[in-house]
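Each chain, written out:
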Amino acid sequence: MTRRVTILGSTGSIGRQALDVVRAHPDLFEIVGLSASSNANLLQQQATEFHSDYVALENGESSALGDTKAEVITGPGSARNLAEVPADIVLNGIVGFAGLAATVAALKAGNRLALANKESLVAGGDWVNTLAGDNHIIPVDSEHSAIYQCLEGREGEVSEILLTASGGPFYEFEAERLDAAGPEDALKHPTWEMGRKITIDSATMMNKGLEVIEAHHLFGVSYDDVKVVIHRQSVVHGGVLLTDGSAILHAALPDMRIPIAWGMSYPERVDVGAKRVGFGDASWTFQEPRSDVFRCLPLAVEAGRAGGAHPIALNAANEVAVQAFLDRRINFPRIAGVIEDVLERVTQEGNMDSMEAIEAVDRWSRGEAERLTAEVAAR
Ligand SMILES: NC(=O)c1ccc[n+]([C@@H]2O[C@H](COP(=O)([O-])OP(=O)(O)OC[C@H]3O[C@@H](n4cnc5c(N)ncnc54)[C@H](OP(=O)(O)O)[C@@H]3O)[C@@H](O)[C@H]2O)c1
């Protein structure tokens, strides 16, 4: 049966790979809508190739899309409006907090959500889960996709879930070497090719921290029951530890098309032509994270445990600090410093169960983080 799919962030790393999946299986998928922030040229090409019904351009004029046959939505809130259009699957591949409004809109409209935008679960947390109700969010992050598949049919048998991390490009570095690490070094990920923000998050280990919070919300597990291990090869993506002491692991070569395709075709499985896992010369290693050096992981877990405004502040401060690092305004270790300083200043209380409440904390945290990064830059 053909699935009618909307791809939010279709011009990004996740979005382009999602369209590779559609290209490989034109009989299985039909495109309802595509969205971008400002890359109108690529969005227009995609809309033409995939005969998209709608295109949404968040930052730009409709004239930038030329004479597309699709119905055009432009301006702030475009992706959110597109997410509401009836579809079998809305794949959210927007980067950062900007993806939350679209996640909320898709869920409120009753569309099934395949979620790559982990930031919307970090910031939206319990509220987003409530909006999802029985309409399960299908994870696209490779680790959560792996864990979801290991968990299926195992109710009552699971004691912990296992989340693997590549460790990023600096994992073997002595702490002192990190002072001189620049954006060009941090953007060289050893095993994955991804957008810039998530690549920096992988280097700081914040990506794993965000994923621990994501796992807590997706799978309803306590923070104590999420075990993070460093697995440099990025072949085992996740697993479950069972009550009898055994474990089930999920493995695939690092190719995002696999979890993207699974998210789009769930509960069925489609072959995207990915290389098979090899066992002949496989060597898989597992190590404890170096949380004393890579502070973003423990900071995220602490923020997740604290709940309320804390994960929202963590996410916002991280987005600001990552951009400041990319702009060379702060050095690599200061990313964690800015986040820690913002978290220490959080005083907001109350339930974060509306867009207004979440956006207020996000705005405040960005302001604090901008001030702190400017202070460092001025020194
Ligand atoms: N890349 C991966 O392999 C990977 C793996 C697991 C999870 N994820 C998660 O997937 C999400 C996307 O990551 P990515 O690496 O694909 O990012 P990316 O390459 O930077 O792409 C981001 C996409 O979002 C659009 N966008 C950016 N800001 C927007 C805004 N304010 N409003 C609406 N759209 C906006 C961009 O449009 P323009 O092109 O016009 O800027 C682009 O289409 C992130 O949450 C990331 O953590 C990614």
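Our subject is the structure that appears above.
None of these values were measured; they are calculated from a predicted model. (Residues numbered from 1 in each chain as written. Predicted model: local features only at pLDDT ≥ 70, side-chain atom pairs only at ≥ 80, totals over all residues.)

Enquirer: Can you walk me through the packing of helix H8 (residues 196-204) against helix H9 (residues 206-219) in this structure?
Expert: Describing two packed helices takes the angle between their axes plus the distance from one axis to the other. Across the interface, H8 lies against H9 with an axial gap of 5 Å and an inter-helix angle of 95°. Classified by the angle their axes make, H8 and H9 are roughly perpendicular. Touching Ile198, Asp201, Ser202 and Thr204 of H8 are Met206, Asn207 and Leu210, all from H9. Residues belonging to the contact of H8 with H9 are distributed by class as follows: 3 nonpolar, 3 polar and 1 charged. (Axes fitted to C-alpha atoms, helices over the stretch in contact; angles between N-to-C directions. Helix = DSSP H or I, 4+ residues; strand = E, 2+ residues; numbered from the N terminus. Parallel < 35°, antiparallel > 145°, perpendicular 65-115°, else oblique. Contact = placed C-beta atoms within 7 Å. Nonpolar A, V, L, I, M, F, W, Y, C, P; charged D, E, K, R; others polar.)

Enquirer: What am I meant to see in the packing of helix H5 (residues 118-132) against H9 here?
Expert: One can describe the packing of H5 onto H9 by two numbers: an axis separation of 9 Å at closest approach and a directional angle of 30°. Between H5 and H9, the angle falls in the class roughly parallel. For the pair H5 and H9, the crossing hand works out as left-handed. Each of Lys118, Glu119, Leu121, Val122, Gly125 and Asn129 in H5 lies in contact with H9, whose residues at this interface are Leu210, Glu211, Ile213, Glu214, His217 and Leu218. Considered class by class, the residues forming the contact of H5 with H9 number 5 nonpolar, 3 polar and 4 charged. (Left-handed = near helix turned anticlockwise from the far one by under 90°.)

Enquirer: How should helix H12 (residues 310-326) be read in this particular structure?
Expert: Within an α-helix, residues lying three or four positions from one another point in the same direction, as the helix has 3.6 residues per turn. Between its first and last C-alpha atoms H12 spans 24 Å; for 17 residues at 1.5 Å apiece the expected length is 24 Å, and the two agree. In terms of burial, H12 is a largely internal element, 15 of the 17 residues being buried. Following H12 by one or two positions, Arg328 has its phi on the positive side, about 65°. (Expected span 1.5 Å × (residues − 1). Buried ≥ 20, exposed ≤ 12 C-beta atoms within 10 Å, placed from the backbone.)

Enquirer: Sorry if this is basic, but what is going on with the pairing of strand S5 (residues 89-92) here?
Expert: Working note: regular strand, side chains alternate between the two faces of the sheet. Here S5 shows a buried face lined by Ile89 and Leu91 and a second buried face lined by Val90 and Asn92. Both strand S1 (residues 3-8) and S5 contribute to a ladder of 4 bridges, which runs parallel. Note that in S5 the partner of Val5 across the bridge is Ile89. The β-α-β motif built from S5, the intervening helix H4 (residues 100-108) and the parallel element strand S6 (residues 113-115) has right-handed crossover chirality. (Pairing = 2+ DSSP bridges. Right-handed = clockwise from strand over helix to strand, strands pointing away.)

Enquirer: Help me understand the environment of Ala251 in this model?
Expert: Inspection of the secondary structure assignment puts Ala251 in strand S11 (residues 247-251). Residue contacts for Ala251: discarding those within four places in its chain leaves Val235, Val236 and Val277.

Enquirer: How should I be thinking about the pairing of strand S8 (residues 158-165) in this particular structure?
Expert: Bridge count for S8 against strand S10 (residues 236-242) is 5 bridges, and the pairing is antiparallel. When the bridges of S10 are listed, Glu160 appears paired with Leu241. Bridge count for S8 against strand S9 (residues 226-230) is 5 bridges, and the pairing is parallel. Bridge pairing in S9 links Leu162 to Lys227.

Enquirer: Sorry, what's going on with unusual backbone geometry here?
Expert: Among all residues save glycine, negative phi is the norm, and among peptide bonds the norm is trans. With an omega of 5°, the peptide bond running from Tyr266 to Pro267 counts as cis. When you line up the elements, Pro267 lands in the loop between helix H10 (257-265) and helix H11 (296-306). One non-glycine residue with positive phi stands out, namely His51, at about 50°. On the secondary structure map, His51 appears in the loop between helix H2 (40-50) and strand S3 (54-57). Among the residues examined, His51 registers 10 C-beta atoms within 10 Å and is labelled exposed. Phi at Ser234 takes a positive value of approximately 50°, unusual for a residue other than glycine. On the secondary structure map, Ser234 appears in the loop between S9 and S10. On the neighbour-count criterion, Ser234 (21 C-beta atoms within 10 Å) is buried.

Enquirer: I'm lost on the site of the ligand in this one. Help?
Expert: By nearness alone, 27 residues border the ligand, and Gly9, Gly12, Ala98, Met194 and Gly195 come closest of all. Looking at the shell around the ligand, the elements that each hand over two or more residues are helix H1 (13-24) and H5. Among the elements that take part in the shell around the ligand, H1 stands out by supplying 3 residues, more than any other. Class assignment of the residues belonging to the shell around the ligand gives a composition of 11 nonpolar, 12 polar and 4 charged. (Near = placed C-beta within 6 Å.)

Enquirer: It is not clear to me how the sheet that holds S11 should be interpreted in this structure. Could you clarify?
Expert: One key point about sheets: their strands pair by backbone hydrogen bonds, in either a parallel or an antiparallel sense. The strand order across the open sheet built from 4 strands is S9-S8-S10-S11, with neighbouring strands paired in mixed fashion. Looking at the sheet topology across the chains shown, the edges are occupied by S9 and S11. On average, adjacent strands in this sheet sit at an angle of 20° to one another, irrespective of strand direction. Two elements, S10 and S11, share 5 bridges in a ladder whose sense is antiparallel.

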